[in-house]
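If you want the building blocks of each chain, they are given just below.
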Amino acid sequence: MQFYYSSKSRTLITGWRDSWAVRESRPVHPEQTKMRSINPATEDIIETYDEHDEPTVSARLDEAWKEFESWRTKPIERREALLADVADVLRENADEYATRMTTEMGKPIEQAVAEVEKCAWVCEYYAEHAAEFLQNDRIGTVPGSKTYVSYEPIGPVLAVMPWNYPFWQVFRFAAPHITAGNVAVLKHAPNVFGCARAIESVFERAGYPSGVFTSLQIPAERVSTLIEDERIKGVSLTGSTRAGRAVAETSGHELKPTVLELGGSDPFIVLDDAPIERAANQGANARTQNNGQSCIAAKRFLVHEAVYDEFLERFTEEMSALTVGDPSKAETDIGPQARADLLESLHEQVTQSVEAGATLHLGGKPLDQPGHYYPPTILTDVPDDAPAATEELFGPVATVLKVETEQEAIRVANDTPYGLGASIWTKDTERGEALTRKITAGNVFVNQVVASDPRVPFSGTKASGYGTELSHHGIQEFVTKKTVWIDEASDSV
C-alpha cells in the first residue's frame, strides 16, 4: 500500500473515497488503536472504535470459513428467501439507517433514505433472480454425454468498501455474492464503522447464520495481510485507482480474483442540439448528488460552442439555487464534505486550477462556519494541465469546457486515464447512440444521468478498474464456472 502525509495537517491520507480513511499518525501495529467517527456537519466525535487485533480477526475469519462450508449447501431458494427478508428489515428501519449515514458522512437525509430503499431493491432483485442467473448451462448436445456448466461459490470474499455510499456499496456487493453461496467479510471505512455495524445487524435481524456476513474494524495497512490469508478467496474493492493497484498487486500474487470499481472523471457532453434546460437541471444534480462525492458524478462538462453561453447561464442558475446546509434537514441539497482532509484537498485542487489560469465562475471557497462545507462551484476556461481538467474532483465542483465540434467533444471526453461513466445530451437519440460507441467508458447514458441499477451491469475500464457488479454478470464474478461432462454411454459398458 502507498500512503502520503498532508504537509498541512500531518495526517495520513490515502485517497478521496478509499475505504481507508484519515488516521492519526501511529505505528503500523500497536497493541490497541482507536479510530474515530466524526460528524462532518458539526465536527463532533460520534464514537471511538477499537481496532480489531489479530486474534479477533483470525477468529472471525475462522467463523466465516466454517460457516461457508454449511452455507454453500443451503438450497438457493432458502438463500433467496433470507435476502428478501433483508429487504424488509431495511425498509422497516429506513429512518434509523438513513440517520446513521447522514450523521457519519454528511449525506443529505432525503438521499440517505433513498439509499436505503435502493439497497432493499437490489436485495429484492437478487432474491427473485439469483437462482435463474446461477442455473446450470447446458452445452449443446453431445451424443452419449451430459454436459453442462455449474456455478459454484468460492468461499469468503473480502469487500473493501468506501464511505461515500456506506450502505449501497456494501449491499451491491453482498446481495449477489452471499446469495450465490459465498460469505462476506467487510472492511469498511473507519469514519463509517457505525454503518458497518448497522449492516451487520441487518443480516442478523433477517435471520442469517453468524459468519455469513462479518465486519472487521481494521486500518488500510492491514488489508494486504488480509488478502494474503488463505481463508480469503476473492476481493472486491471500491476506491481510488491507487488503492486498486495495491489490491490488484497483492491479489495477483495470491492468484485471487478481484473486482475493482475505481475513480472516474466522467464527461457530461452537451451537443449543439441538446435540450438545454433539462441538461442544465440534470447536470447540476449529476455534479452535486451526494455532496458531489460520487465516482459516477458528472465532473467535466463539455459544451458545444453554439450553446455554451446558454448552457452556462442556466447551469449557473441551477447550481446557485442549491441549498447548502445541515444534512439532517429535508430542504438541504448539499451537506458537508465527509472529512476535513477531503475539504482541504478539494479546495487545493480548485485553487491550483485558478492559479493555472482557470476562471472561478461560481463559489470556490469553503464556507466560514462549523463543519466541512464547500459551496457549489463552477470553473471555466480551464487549461488542459490544470487539476480541474486532469484529476478527479470529489466534491460539488464542475469544470465547464467549451468545444467547437462533436469530434472535439469525443476527443476531450476520452482524454483521461479514467473510463467509468459518461452522458451525452442531444435531441437526436440516434446521434447520441452512435456516439456511445466512440466513448471509452463502462457506462454511457444518453439524455440521462449516469447511475447504477441492479438490472444492468456496472463496470469501468482503463484506470477506473475492471470486473462487473450487478445484473447476471455481477453475480457470476465470484463463482467457479465448472464444466461437468458425464459419459452416459459408459452406463451400458
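Everything in this summary refers to the structure shown in the same document. All values reported here derive from a predicted model rather than from experimental measurement. (Residues numbered from 1 in each chain as written. Predicted model: local features only at pLDDT ≥ 70, side-chain atom pairs only at ≥ 80, totals over all residues. Heavy atoms only, no water.)

### As for the sheet that holds strand β13 (residues 298-304)
Okay, so step 1: Spatial strand order, β14-β15-β16-β13-β12-β17-β18: seven strands in an open sheet with mixed pairing. Edge strands, defined here as strands with exactly one partner in the open sheet, are β14 (359-362) and β18 (443-446). If you compare each strand with its neighbour and ignore which way they point, the axes differ by 25° on average.
Okay, so step 2: Strand direction decides the pairing type here: β13 and strand β16 (residues 397-403), joined by five bridges, are parallel. Counted as the bridge partner of V303 is K402 from β16.
Okay, so step 3: Of the strands in this sheet, β14, β15 (377-380) and β16 touch helix α11 (residues 340-355), which is tilted by about 30° from β15.
Okay, so step 4: Across the sheet, helix α14 (residues 429-436) is in contact with β17 (421-425) and β18; its angle to β18 comes to roughly 170°. (Pairing = 2+ DSSP bridges. Helix = DSSP H or I, 4+ residues; strand = E, 2+ residues; numbered from the N terminus. Axes fitted to C-alpha atoms, helices over the stretch in contact; angles between N-to-C directions. Contact = heavy atoms within 4.5 Å.)

### With respect to empty space enclosed by the protein
To find the voids left in a structure, one rolls a probe of water-molecule size over its atoms.
Okay, so step 1: Applying the stated rule across the entire model yields five cavities of 30 Å³ or more.
Okay, so step 2: The calculated volume of the largest cavity comes to roughly 60 Å³.
Okay, so step 3: As for the largest cavity, its lining consists of 13 residues, and the residues nearest its centre are P267, Y418, G419, G421 and T440.
Okay, so step 4: Of all the secondary structure elements, the ones that give two or more residues to the lining of the largest cavity are β12 (266-270) and α13 (406-414).
Okay, so step 5: Residues of the lining of the largest cavity, tallied by class, amount to six nonpolar, six polar and one charged.
Okay, so step 6: One number sums up the size of the second largest cavity: a volume of about 40 Å³.
Okay, so step 7: Considering the residues around the second largest cavity, the lining is formed by R172, F173, P176, H177, S236, V259, E469, L470, G474 and F478. (1 Å grid on protein atoms, 1.4 Å probe; cavity = no way out; pocket = protein on both sides within 12 Å on 5 of 7 lines; lining within 4 Å. Points joined across faces, edges and corners; volume = space filled by probe spheres on them. Nonpolar A, V, L, I, M, F, W, Y, C, P; charged D, E, K, R; others polar.)

### What about the pairing of β12?
Okay, so step 1: Burial of β12 is extensive: five of the five residues sit out of reach of the surface.
Okay, so step 2: The two faces of β12 match: D266, F268 and V270 on one face and P267 and I269 on the other face are all buried.
Okay, so step 3: Here five bridges tie β12 to β13, and the two strands are oriented parallel to one another. When the bridges of β13 are listed, V270 appears paired with V303.
Okay, so step 4: Each parallel crossover has a hand, and the one from β12 via helix α9 (residues 276-288) to β13 is right-handed.
Okay, so step 5: Of the pairings in the sheet, the one linking β12 to β17 comprises three bridges and is parallel in character. (Buried < 20%, exposed > 50% of the residue type's maximum accessible area, 1.4 Å probe, protein only. Right-handed = clockwise from strand over helix to strand, strands pointing away.)

### Some words on helix α10 (residues 308-320)
Okay, so step 1: Given a rise of 1.5 Å per residue, 13 residues ought to cover 18 Å, and the 18 Å separating the end C-alpha atoms of α10 matches this to within 8%.
Okay, so step 2: For α10, the set of buried residues is Y308, F311, L312, F315, T316 and M319. Projected down its long axis, α10 shows its buried positions confined to an angular sector of 130°, all on one face. Along α10, exposed side chains directed more than 90 degrees from the buried face belong to D309 and E313. (Expected span 1.5 Å × (residues − 1). Arc of directions from axis to C-beta.)

### Some details on the pattern of salt bridges
Okay, so step 1: For the structure shown, the criterion picks out 23 salt bridges.
Okay, so step 2: With a closest N to O distance of 2.8 Å, D229 and R231 form a salt bridge.
Okay, so step 3: Judged by its relative accessible area of 16%, R231 falls in the buried class.
Okay, so step 4: Measuring nitrogen to oxygen at the nearest pair gives 3.8 Å for the salt bridge that ties R314 to E310. Within this pair, R314 and its partner E310 are both found in helix α10, separated by four residues, close to a single helical turn.
Okay, so step 5: One salt-bridge network, in which partners are shared between bridges, spans D272, D273, E406 and R431. (Salt bridge = Lys/Arg side-chain N within 4 Å of Asp/Glu carboxyl O.)

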